[in-house]
Amino acid sequence: HVIPVDKLDYAEAQDDYVSLRSEGKSYLKQQTLSDLEASLDPRHFVRIHWSCLLNLDRLARIDTEGGEPKAAVLHDGTRMPLSRSGYGRLKGLL
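Quick caveat: nothing in here was measured; it's all calculated off a predicted structure.

Calculation rules
- Residues numbered from 1 in each chain as written.
- Predicted model: local features only at pLDDT ≥ 70, side-chain atom pairs only at ≥ 80, totals over all residues.
- Heavy atoms only, no water.
- Pairing = 2+ DSSP bridges.
- Helix = DSSP H or I, 4+ residues; strand = E, 2+ residues; numbered from the N terminus.
- Core = buried A, V, L, I, M, F, W, Y, C linked by side-chain atoms within 4.5 Å.
- Buried < 20%, exposed > 50% of the residue type's maximum accessible area, 1.4 Å probe, protein only.
- Contact = heavy atoms within 4.5 Å.

> Help me understand the pairing of strand β2 (residues 17–22) in this model?
On any regular strand, side chains alternate: one points to one face of the sheet, the next to the other face. Two elements, strand β1 (residues 8–14) and β2, share 6 bridges in a ladder whose sense is antiparallel. Across the sheet, alanine 11 pairs through a bridge with leucine 20, a residue of β2. Count of turn residues in the β1/β2 antiparallel hairpin: 2 residues, of which aspartate 15 carries a positive phi of about 60°. Strand direction decides the pairing type here: β2 and strand β3 (residues 25–29), joined by 5 bridges, are antiparallel.

> Even after reading the chapter, I still don't get the nonpolar core, so can you show me in this structure?
Note on soluble globular proteins: their nonpolar side chains tend to be buried together. Grouped together as the largest cluster of nonpolar side chains are 12 residues: Tyr10, Val46, Ile48, Cys52, Leu54, Leu56, Leu59, Ala72, Leu74, Met80, Leu82 and Leu90. Those residues in contact with methionine 80 that lie beyond four places of it in its chain are Tyr10, Ile48, Cys52, Leu54, Lys70, Ala71, Ala72 and Leu74. Ranked by size, the runner-up nonpolar core spans 9 residues in total, among them Leu8, Ala11, Leu33 and Leu40.

In structure tokens, the structure reads:
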């Protein structure tokens, strides 16, 4: 399958594969998340966790707990883990 970049919601690491999420469907591709990240526009895609790459256009809000960022919430309600360094990268782009 070919997924247009603007249709990609997020990507998650799955060992030596990456799970691509687009329009409610998941696709598994033999590629590392780092390789995928290097091929995408860093103004639109940000690594928010060691295992997650997010399309900024899909971000609805950031949930916090005790003042600490805990999750990125997408417009469809999907919750993705958010590391401290990922939050820093995300905050720098917003």
